[in-house]
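Here are the chains, one letter per residue:
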Amino acid sequence: MKNKTFLALGIALLLLLGIFLLSLLSGTYTLTLKEIFDTFLGKGTKMHHTVIFGLRLPRIISAVLVGASLSTAGCILQSITKNQLAEPGIIGLNAGAALAVVLLIASNSQNYYDALGTHTILLMPIVSILGAFGAALLIYGLSCRKGIAPNRLILVGIGVNAGINAVITLYQLNMSKGDYNQALTWISGSLWGSSWQFVYMAAPIISLLIGMTFYKSKVLDVIDLGDELATGLGVLMEKERRKFLMLAVGLAASATALAGNIAFLGLLGPHIAKRIVGPVHRRQIPLAILISAVIILLADTASRNLFAPLEIPVGITISVIGVPYFIYLMAREK
Amino acid sequence: MNKKAISLALLCCIAAAAGLIVAVSAGAKNIPLQTVWNSLFHYEDILDMQLVRNGRLPRALSAALIGGFLGISGAMMQGVTRNPIAEPSMMGITQGAALAVAALSAIPRLYGLFGNTLAAFIGAALSSFLVLLFSMQNARNMNLSRLLLAGTALSTFFLSLAMIIAMLSNKSQELAFWVGGGLRTAAWHSVWLLLIVGGVCTALALTLSHRINIVSLGEDVAIGLGENPAKVRVFSILLLIPLCASSVAVAGNIAFVGLIVPHIIRKTLGGDYRLIMPLSFIGGSALLIWADVAARLINQPYETPIGLFTAIIGVPFFLWLVRKENG
C-alpha cells in the first residue's frame, strides 16, 4: 500500500511538472524549452523574463494554490457531510465569497472601463473570506436543529447557493459593461490577472490551513466511520465537525480570493485520489492536491489557448469537465 | 374539503385579477383605469392606449399564463416522481434552454430564420427532453439530495457551455439577462404561442390528473390498482416538454414558482391531484403576475430581474421544506 501511494504521488508529481512546462511554453507568445531554461538561468531577454516571471509563473502558482486548497476543502466536506458529492462550490461557500467581492467591485468603481484600484485588490481576499464565512454561518445556522444532520447541511447549502446566485445576478445586471466583465471573472472563476501580490498574500494562509488539516487527518478518518463509532472512539463530533467546517471555509475562501468561484474542482481531485489510494486521508489529501493542481493547470492552459486571443474563465472549463464526471459518479453509486 | 378548495380557488382568482388590473395600469407611467377600459373597448390611436394594448396587456397575460404553466408542471413533476423538490428550474431544464438560446443566437443565419421565441422554443424542447429523460427515469430511485445535486450539476453544465458561447460571440451580459429571467420581450405573438401550445397541454394534463393521483401513491400501489406508472410518466414528460419550453421561450429562467405553489396547495388541500393541478395553475398565475408587477415597479423606470422576487420567496421556502423533510 505504501509503495503504491509513493508511486501514485510520484506519477502525479511528474504529470504536474510536465503540465507546468507546457503551461509556461504555450500562450499567445510561444516560448521554446531552451528559452525557458536560459531565462531561469538568468540569460534570457527582457521580453522572456517578463513573460515568464511577470505573467505566467504567478498564474501557474496561483492555479496550484487554488487546486490545493479546493481539493483539501472537498476532502473535508465529503467526510463531515458523509456525502461523496459534497464540495465547496455546490454548497454555496464559493458563491458567498464571490458575492462579497462583487459587492466590493460594484461599490468601488466609478468609471466605465476603470482598472481596479490597489486598495480594492488588497481588500479582495479579506472581503472574500468574510463572505465565505457569512455563507457558512448561514448554512450552519439554518441546518442546525438539535445538532447538524449531514444530509441537511448539503441541502441547505444548495438552497443558500441558489439564493446567493440570484442576488449576484441582480448586481450583474445593474453593472456597466466594464464592471460586469470584471465581476464575471469572479463569478465564473478565472486566473486572469494573477499577480505576485495575490500569491504572497494567499500562499501562507493556504499552506497553514492545509497543514492543519493534514495534522488532524486521523480525526477525519475516524469521522468517516460514522457518528456512533467516532463518538465511541472519543471524538466530540459536533465540535470536530465545526472545526473542520471552519478549515474548509478558510480554504474555499482563500481559493475564491485568488481565482473566483470555481466549482467541481473540490470534487474531482479527492475522488480520483480516493480510488487510487483508498479513503485514508493521510494518503488521500496529498494525492488529491496534486491531481487537482494538474487538472486546474491543464484547464487553465486550455482556456488560455483554445480560443486565443479570447480567454474563457477556467471555472467554466472545469465545470464542463467536472459535470460529466459528477453524473458518472452518481450513476455508479446506485 | 371541497368548500376549502373553492374558497382557495376564488382567493387565487381574485389575487390574479387584481394583479392584472394593477399590472395594466401601474408602471413608469400610471394610466388611469378609465383609459385602460377605453383602450380595450373604444380604442383610439393615442400613446397611453397603445401602451396598454401593445405593451402591458400582452405582458401581463404572458405572466399569468407562464405562472400557470410553471405551477402546473411543478405539480405534475412532483406527483409523478414523488419527489417534493422536482421542478423545472431545479432540474436544469430552464438552464438547458438558456444554452440553446445562446447557441442559436450565436448563429445569425439560423437565428434570423427562426426568430427569437421560436428558436428558444426549439432549444428548450430539446434540452427538456434530455433532462427529463435523464432525471425522471432516475427521480423515483433518488432521495432528495441526489436529485437536487444532479439538477445543480446539470444546470451548472448548461450554463457553463452557454457562457462559453456567449463570451465568444461577445454577448455575456445579454445572457445574464436571460438567465435572470423576465418578461420584457413579451408581445402578442408570445401570448398566442403560450395560449395555443400551453393551453392544449394544460387541458391534456388536467385529464391526466386522476392517473397521476394513482402514480403518486407509489409504484407498487399503482400497479396493484391496474395503472402502468411508466406509461403515465411518459405521457407526463410529453406534456411537460411543451409547457416548459413555451414558458422558457418567452420569459427565460424563472425559478421556484413550480416549487412553492403546488406545495402550499398540497398543504392546504391534501394529496388529490385533480384539485392540486388546476389550483397550482391559478396560484402560479397570481404569484407571477404580482412578481412581475414588483419587478417593474420597485426600481422604476428600470426593471429588476423577476427571478429575484421568486427567489426571495422561494429560497426561504425551500430551506424550510428541507428542514422539515429531513427532520
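Since the model is a prediction, treat every value here as computed from it, not as a measurement. (Residues numbered from 1 in each chain as written. Chains lettered and ligands numbered in written order. Predicted model: local features only at pLDDT ≥ 70, side-chain atom pairs only at ≥ 80, totals over all residues. Heavy atoms only, no water.)

Caption draft 1: Geometry of the overall build of chain A. Each helix and strand counted, chain A has 14 helices and 0 strands in total. Put simply, chain A runs from its N terminus to its C terminus through helices and strands in the order α-α-α-α-α-α-α-α-α-α-α-α-α-α. Based on the C-alpha atoms only, the size of chain A along its principal axes is roughly 65 × 55 × 35 Å. Burial statistics for chain A: of 334 residues in total, 58% are counted as buried. At a minimum sequence separation of 6, the contacts of chain A that also span at least 24 residues come to 75%. (Helix = DSSP H or I, 4+ residues; strand = E, 2+ residues; numbered from the N terminus. Buried < 20%, exposed > 50% of the residue type's maximum accessible area, 1.4 Å probe, protein only. Contact = heavy atoms within 4.5 Å.)

Caption draft 2: Geometry of the overall build of chain B. Regarding its fold elements, chain B presents 14 helices and 0 strands. In sequence order, chain B lays out its α and β elements as α-α-α-α-α-α-α-α-α-α-α-α-α-α. Its C-alpha atoms give chain B principal-axis dimensions of roughly 65 × 55 × 35 Å. Counting over 327 residues, chain B shows a buried share of 58%. Relative to all contacts within chain B whose residues are 6 or more apart in sequence, the contacts with residues 24 or more apart total 78%.

Caption draft 3: Representation of the interface of chain A and chain B. With 46 residues of chain A in contact, the opposing surface of chain B contributes 39 residues. Both sides together, the interface formed by chain A and chain B hides about 3,800 Å², and carbon and sulfur atoms give 74% of it. Its largest share of buried area at the contact with chain B, chain A owes to Leu 155, Leu 173 and Met 330 of chain A, together 16% of the area lost on that side. Seen at the junction of chain A and chain B, the total is 0 salt bridges. At the boundary of chain A and chain B, one finds 1 residue pair in polar contact (both at pLDDT 80 or more). When residues in the side of chain A that touches chain B are grouped by element, the largest group, 16 residues, is from helix α6 (residues 150-173) of chain A. Each residue belonging to the side of chain A that touches chain B can be placed in one class, and the counts come to 29 nonpolar, 11 polar and 6 charged. (Buried area = accessible area lost by both parts, 1.4 Å probe. Salt bridge = Lys/Arg side-chain N within 4 Å of Asp/Glu carboxyl O. Polar contact = N/O pair within 3.5 Å; in protein donor to acceptor, adjacent residues only side chain to side chain. Nonpolar A, V, L, I, M, F, W, Y, C, P; charged D, E, K, R; others polar.)

Caption draft 4: Just helix α8 (residues 196-215) of chain A, in detail. Look at α8 of chain A: 28 Å from first C-alpha to last across 20 residues, which is about the 28 Å you get at 1.5 Å a residue. Of all the residues in α8 of chain A, the buried ones are Phe 198, Val 199, Ala 202, Ile 206, Leu 209, Ile 210 and Thr 213 of chain A. (Expected span 1.5 Å × (residues − 1).)

Caption draft 5: Spotlight on the packing of helix α1 (residues 2-25) of chain A against helix α2 (residues 33-40) of chain A. Residue and element names in this part refer to chain A. Interhelical geometry of α1 versus α2 gives an angle of 95° and a closest axis separation of 10 Å. If you check the angle between α1 and α2, you find them roughly perpendicular. Side by side, α1 and α2 meet where Leu 21, Leu 24 and Leu 25 of the first sit next to Leu 33, Ile 36 and Phe 40 of the second. A class-by-class count of the residues in the contact of α1 with α2 yields 6 nonpolar, no polar and no charged. (Axes fitted to C-alpha atoms, helices over the stretch in contact; angles between N-to-C directions. Parallel < 35°, antiparallel > 145°, perpendicular 65-115°, else oblique.)

Caption draft 6: Region of the structure containing the domain arrangement of chain B. Residue and element names in this part refer to chain B. If you check the domain split of chain B, you get domain 1 (1-58 + 284-306) and domain 2 (88-255). The interface is formed by 9 residues belonging to domain 1 together with 10 residues belonging to domain 2. Buried area between domain 1 and domain 2, summed over both chains or domains, comes out near 740 Å², and the portion from carbon and sulfur atoms is 68%. In terms of surface lost to domain 2, no three residues of domain 1 exceed Pro 58, Glu 303 and Ile 306, which account for 57% of the buried area on that side. Viewed at the interface, domain 2 and domain 1 are joined by 0 salt bridges. (Domains from an automatic or database assignment.)

Caption draft 7: Layout of the nonpolar core. Grouped together as the largest cluster of nonpolar side chains are 200 residues, with contacts concentrated most on Ile 262, Phe 264, Ile 296, Ile 318 and Phe 326 of chain A together with Phe 256 and Phe 318 of chain B. Two domains each provide a minimum of three residues to this core, namely domain 1 (1-58 + 284-306) and domain 2 (88-255) of chain B. When neighbours within four sequence positions are excluded, Phe 326 of chain A is seen to be in contact with Leu 85, Ile 90, Phe 264 and Leu 267 of chain A together with Leu 149, Ala 150 and Ala 153 of chain B. Counting residues in hydrophobic clusters, the runner-up holds 10 residues, among them Ala 98, Val 101, Ala 124 and Trp 178 of chain B. (Core = buried A, V, L, I, M, F, W, Y, C linked by side-chain atoms within 4.5 Å.)

Caption draft 8: Up close: helix α13 (residues 281-305) of chain A. If you check α13 of chain A, its first and last C-alpha atoms are 35 Å apart, about what 25 residues at 1.5 Å a residue would give, namely 36 Å. Counting buried residues in α13 of chain A gives 20 out of 25 residues, a clear majority hidden from the surface.

Caption draft 9: Structural detail: unusual backbone geometry. Residue and element names in this part refer to chain A. Even without being a glycine, Lys 82 presents a positive backbone phi close to 55°. Phi at Phe 264 takes a positive value of approximately 75°, unusual for a residue other than glycine. Judged by its relative accessible area of 1%, Phe 264 falls in the buried class.

Caption draft 10: Spatial organisation of the pattern of salt bridges. Residues and elements named next belong to chain B. Overall, the coordinates contain 7 salt bridges over all chains when judged by the stated rule. In this structure, Arg 59 engages Asp 292 in a salt bridge whose closest nitrogen and oxygen atoms are separated by 2.8 Å. Here Arg 59, found in helix α3 (residues 47-81), pairs with Asp 292, found in helix α13 (residues 273-297); they are 233 residues apart in sequence, far enough to count as distant. You'll find Arg 59 and Asp 292 in the same group, each marked buried.

Caption draft 11: Region of interest: a nonpolar patch on the surface. On the surface, Leu 306, Phe 307 and Leu 310 of chain A together with Leu 168 of chain B cluster together into a nonpolar patch covering about 340 Å² of accessible area. Of note, Leu 306 of chain A is situated in the loop between α13 and α14 (314-333). (Patch = residues over 30% accessible without salt bridge, like charges linked within 9 Å, V, L, I, M, F, W, Y side chains within 5 Å. Areas by Shrake-Rupley, 256 points an atom, 1.4 Å probe, with all protein chains shown as cover.)

Caption draft 12: Structural view of the environment of Asp 48 of chain B. All names here are of chain B. Tracing the chain through its elements places Asp 48 in helix α3. Given a relative accessible area of 16%, Asp 48 falls into the buried group. Between the alpha carbons of Asp 48 and Ala 18 there is a distance of 20 Å; along the sequence they are 30 residues apart. Every residue in contact with Asp 48, bar those within four places of it in the chain, is listed here: Lys 29, Ile 31 and Thr 35.

Caption draft 13: Just the packing of helix α9 (residues 188-215) of chain B against α13 of chain B, in detail. All names here are of chain B. Packing of α9 against α13 leaves a shortest axis separation of 8 Å and a crossing angle of 150°. Along this stretch, α9 crosses α13, giving a crossing that reads as right-handed. Contact residues: Thr 202, Ala 205, Leu 206, Ser 209, His 210, Ile 212 and Asn 213 in α9; Tyr 273, Arg 274, Met 277, Pro 278 and Phe 281 in α13. Across the contact of α9 with α13, the residue classes tally to 7 nonpolar, 4 polar and 1 charged. (Left-handed = near helix turned anticlockwise from the far one by under 90°.)

Caption draft 14: Expanded view of the environment of Gly 322 of chain A. Residues and elements named next belong to chain A. Within the secondary structure, Gly 322 sits in helix α14. In the structure, Gly 322 is positioned 54 residues away from Leu 268 in sequence and 6.8 Å away in space, judged by C-alpha atoms. Apart from the residues lying within four places of it in its own chain, the contact partners of Gly 322 are Phe 264 and Leu 268.

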